[in-house]
Amino acid sequence: MKQILFIAIVLLISNNLFSKTDEKAKVILDQVSEKTKNYKSITASFEFILENTEADLKEANQGNIIIQKEMFKLSISGIDIFNDGKSQYTYMKDAAEVSISEANTDENELLNPATIFTIYEHGFTYSYLGEATENGKRVHKIDLTPSEEKDFSRVILNIDSKNLQITEATMFGTDGNRYIIRIKNMDTSKVYPNSTFSFDKSKYPGVSVNDMR
């Protein structure tokens, strides 16, 4: 369950985020942050991969996410998560059950679906690894190292060198797992009604509700 909720899969909003960094990486991340501020929303399809070589484990799932301001909607592997900025609704389709929690709990990055787009915003030092061609795109590779306690020891970001959008994030978890989020398609031009991010129980007859707020 933890690895599923980790996805999600949202990006980059400040100019004063880091310490002890190299200038090349800072320039690129500042450019990404500035560009992202102007997005109306982020609509993305992605692949989420969980790997553990010691356990001979590799799982891949496809998902979709919509992010608009502080709200998001995530769909992956039979789970829909609605977050309207106040409450978060996790709907398990197979169980016909929705769990409700506060939206602004102090969840770590591995449980926050928006972190693919904001992962470097706080608590990291970073360095520029160079350019590479991956999946047919020329990308900048930036290495992030936590400067405070987190659930992972390292993050590598791939950033498209042309459009300055994150295309992939690889997180090395302290649990021994490696989590990869690979963005397949992204649209930043849409505007969604707030109802997109709220769970409407009337549309899900028979669903049981577990309110943990």
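See the structure above.
Residue positions within a chain follow its written sequence, with the count starting from 1. Side-chain atom pairs in this predicted model are given and counted only at pLDDT of 80 or more, local residue features only at pLDDT of at least 70, and totals for whole chains, interfaces and linings cover all residues. Water and hydrogen atoms play no part in the side-chain values, which are based on all heavy atoms of the structure.

J.: Outline the overall build of the protein, listing residues and values.
T.: A count of helical and extended segments in the protein gives two helices and twelve strands. Helix and strand assignments come from DSSP, with helices taken as H or I runs of at least 4 residues and strands as E runs of at least 2, each series counted from the N terminus. The linear arrangement of helices and strands in the protein, starting from the amino end, is α-α-β-β-β-β-β-β-β-β-β-β-β-β. Taken across its 213 residues, the protein has 49% of its residues classed as buried. The accessible surface values rely on the Shrake-Rupley method and a 1.4 Å probe; as for residues, cover is taken only from the protein chains in view. Working note: accessible area of the protein is about 10,700 Å², and carbon and sulfur atoms make up 44% of it. Think of it in three bands: residues with accessible area under 20% of the maximum for their type are buried, residues over 50% are exposed, and the middle band is partly exposed, with areas taken using a 1.4 Å probe on protein chains only.

J.: Outline the pattern of salt bridges, listing residues and values.
T.: What counts as a salt bridge is simple: a side-chain nitrogen of Lys or Arg found within 4 Å of a carboxyl oxygen of Asp or Glu. Under the criterion given, the structure shown has eleven salt bridges. Among the salt bridges present, the one from arginine 178 reaches glutamate 51, with a minimum N-O distance of 2.3 Å. On the criterion of sequence distance, the pair formed by arginine 178 in strand E11 (residues 178-187) and glutamate 51 in strand E1 (residues 42-52) is long-range, its members being 127 residues apart. Measuring nitrogen to oxygen at the nearest pair gives 2.9 Å for the salt bridge that ties aspartate 143 to arginine 154. Pair noted here: aspartate 143 is in strand E8 (residues 137-146) and arginine 154 is in strand E9 (residues 152-160), with a separation of eleven residues, a long-range link. Judged by relative accessible area, which is 10%, aspartate 143 ranks as buried. For arginine 154, a relative accessible area of 31% gives the class partly exposed.

J.: Describe the sheet that holds strand E2 (residues 57-68), naming the residues involved and giving the relevant values.
T.: Note: two strands are recorded as paired if DSSP finds a minimum of 2 bridges between them. Spatially, the twelve strands line up as an open sheet ordered E7-E8-E9-E10-E11-E1-E2-E3-E4-E5-E6-E12, and their pairing is mixed. The sheet terminates laterally at strand E7 (124-134) and strand E12 (208-211), the two strands that pair on one side only. Put simply, the sheet's adjacent strands are angled 20° from each other on average, direction ignored. For strand E3 (residues 71-76) and strand E4 (residues 79-83), the ladder comprises five bridges, and the chain directions are antiparallel. Residue pairing in the sheet places isoleucine 76 in a bridge with isoleucine 79 of E4. Note on contacts: a residue pair qualifies if any of its non-hydrogen atoms lie within 4.5 Å across the two residues. Helix axes are fitted to C-alpha atoms over the stretch in contact, other axes to C-alpha atoms as well, and angles between N-to-C directions run from 0 to 180 degrees. Sitting on the sheet, helix H2 (residues 23-37) is in contact with E7, E8 and E9, with an inclination near 85° to E7.

J.: A description of the nonpolar core should follow, citing residues and the corresponding values.
T.: Counting residues in each nonpolar core, the largest one holds 32 residues, and the members touching the most others are Phe46, Leu74, Ile142, Leu144, Val155, Leu157 and Ile159. With five residues, the top contributor of residues to this core is E1. Each nonpolar core is a collection of buried residues, namely Ala, Val, Leu, Ile, Met, Phe, Trp, Tyr and Cys, held together in the definition by side-chain atoms within 4.5 Å. The next biggest cluster of nonpolar side chains, apart from the first, holds seven residues, and it includes Phe82, Tyr91, Ile100 and Val207.

J.: An account of the packing of aromatic side chains is requested, with residue identities and associated values reported.
T.: Centres within 6.5 Å are what make two rings of Phe, Tyr or Trp a pair, Trp counting through its six-membered ring; a difference in plane orientation under 30 degrees is then read as stacked, over 60 as edge-to-face, and the rest as tilted. Enumeration according to the criterion identifies eight aromatic pairs in this entry. When the ring of phenylalanine 124 is compared with that of phenylalanine 152, the centres are 5.9 Å apart and the planes differ by 10°; the resulting orientation is stacked. One end of the pair, phenylalanine 124, is in strand E7; the other, phenylalanine 152, is in strand E9, with 28 residues separating them in the sequence. Take phenylalanine 124 and phenylalanine 152: they sit in the same class, and that class is buried. Look at phenylalanine 199 and tyrosine 204: their rings are 4.6 Å apart centre to centre, the planes differ by 15°, and that puts the pair in the stacked class. Classification of tyrosine 204 as partly exposed rests on a relative accessible area of 21%. Grouping aromatic residues by their ring pairs yields a cluster made of Phe82, Tyr89, Tyr91, Phe199 and Tyr204. Should the NZ of a Lys or the CZ of an Arg lie within 6 Å of a ring centre and within 35 degrees of the ring normal, that charge is described as sitting over the ring. Positioned above the aromatic ring of tyrosine 128, the side-chain terminus of lysine 24 is 5.3 Å from the ring centre.

J.: Give me the pairing of E7: which residues, what numbers.
T.: Sheet analysis places E7 next to E8, joined by ten bridges and oriented antiparallel. Each bridged residue has a counterpart across the sheet, and for threonine 125 the counterpart in E8 is threonine 145. Hairpin connection from E7 to E8: two residues lie between these consecutive antiparallel strands, with asparagine 135 at a positive phi of about 55°.

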